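# Tertiary structure, described
So the chains spell out like this:
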Amino acid sequence: QVQLVESGGGLVQPGGSLRLSCAASGNIFSINTMGWYRQAPGKQRELVATITSASITTYVDSVKGRFTISRDNAKNTVYLQMNSLKPEDTAVYYCNIKWLKITVPGDYWGQGTQVTVSS
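Residues numbered from 1 in each chain as written. Predicted model: local features only at pLDDT ≥ 70, side-chain atom pairs only at ≥ 80, totals over all residues. Heavy atoms only, no water.

## Thoughts on the overall build of the protein
Looking only at helices and strands, the protein has zero helices and eleven strands in total. For the protein, the α and β elements follow one another from N to C terminus as β-β-β-β-β-β-β-β-β-β-β. For a compact globule of 119 residues, the expected C-alpha radius of gyration is about 14 Å, and the protein comes in at 14 Å, within 12% of that figure. Here the C-alpha coordinates of the protein stretch approximately 50 × 25 × 25 Å along the principal axes. Taken across its 119 residues, the protein has 39% of its residues classed as buried. For the protein, the share of sequence-separated contacts (at least 6 apart) that also reach a separation of at least 24 residues comes to 54%. Counting only carbon and sulfur atoms, one obtains 52% of the accessible surface of the protein, whose full area is about 6400 Å². Taken together, the 11 basic and 7 acidic charged side chains of the protein have centroids lying 3 Å from each other. (Helix = DSSP H or I, 4+ residues; strand = E, 2+ residues; numbered from the N terminus. Rg over C-alpha atoms; globule rule 2.2 N^0.38 Å. Buried < 20%, exposed > 50% of the residue type's maximum accessible area, 1.4 Å probe, protein only. Contact = heavy atoms within 4.5 Å. Areas by Shrake-Rupley, 256 points an atom, 1.4 Å probe, with all protein chains shown as cover. Lys, Arg positive; Asp, Glu negative; His and termini not counted. Charge placed at Lys NZ, Arg CZ, Asp CG, Glu CD.)

## Focus: the state of the cysteines
All chains considered together, the criterion is met by one disulfide. Residue pairing for C22: its cysteine sulfur links by disulfide to C95, the two sulfurs lying 2.1 Å apart. Taking the torsion about the sulfur-sulfur bond, which here is approximately -85°, the covalent link between C22 and C95 counts as left-handed. Of this pair, C22 sits in strand β3 (residues 18-25) while C95 sits in strand β9 (residues 91-99), and the two are 73 residues apart along the sequence. Residue C22 shares its accessibility class with C95, and that shared class is buried. (Disulfide = S-S within 2.5 Å.)

## Some details on the pattern of salt bridges
Tallying each qualifying case throughout the model produces four salt bridges. Note that R38 and D89 form a salt bridge whose closest N and O atoms lie 3.0 Å from each other. Pair noted here: R38 is in strand β4 (residues 33-39) and D89 is in the loop between β8 (77-82) and β9, with a separation of 51 residues, a long-range link. Judged on exposure class, the residue R38 and its partner D89 are both buried. Here D89 ties to R66 by a salt bridge, and the two come within 2.8 Å at their closest N and O atoms. Note that D89 is positioned in the loop between β8 and β9 and R66 in the loop between β6 (57-59) and β7 (67-72), a separation of 23 residues in sequence. Because the salt bridges share partners, they merge into one network encompassing R38, E46, R66 and D89. (Salt bridge = Lys/Arg side-chain N within 4 Å of Asp/Glu carboxyl O.)

## A closer look at unusual backbone geometry
The phi dihedral of S55 falls on the positive side, at around 70°, and the residue is not glycine. Tracing the chain through its elements places S55 in the loop between β5 (46-52) and β6. Phi angles above zero are rare outside glycine, and S84 is one such case at about 50°. Within the element layout of this structure, S84 appears in the loop between β8 and β9. You can call S84 partly exposed: its relative accessible area is 42%.

The values are spatial; any link to function lies outside them.
Okay, here's the thing in structure tokens:
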């Protein structure tokens, strides 16, 4: 009943930029945290960035100063602006939304979008 659809992935040269989008639809609790995770082949999935409904953000150290997470609460959409991309950023990026409403908790994932940084 909740669906997340990512877009914006692709192939980019080192130093380039991409902007990922994730639109959530369905029965979504308004007080939630949205985030981006990534997983490279053979590697553990890692948290990249999160943003609460009050726009409090967190980032993994490796992307600080290069990536910016933002959201549009009216559209239930989260964005990830990725600048100064490095080959190490190559991964499948997954969108996530979760909330802690005790009566009806939620934790949902998108299908992922491939980001490849290569010359």
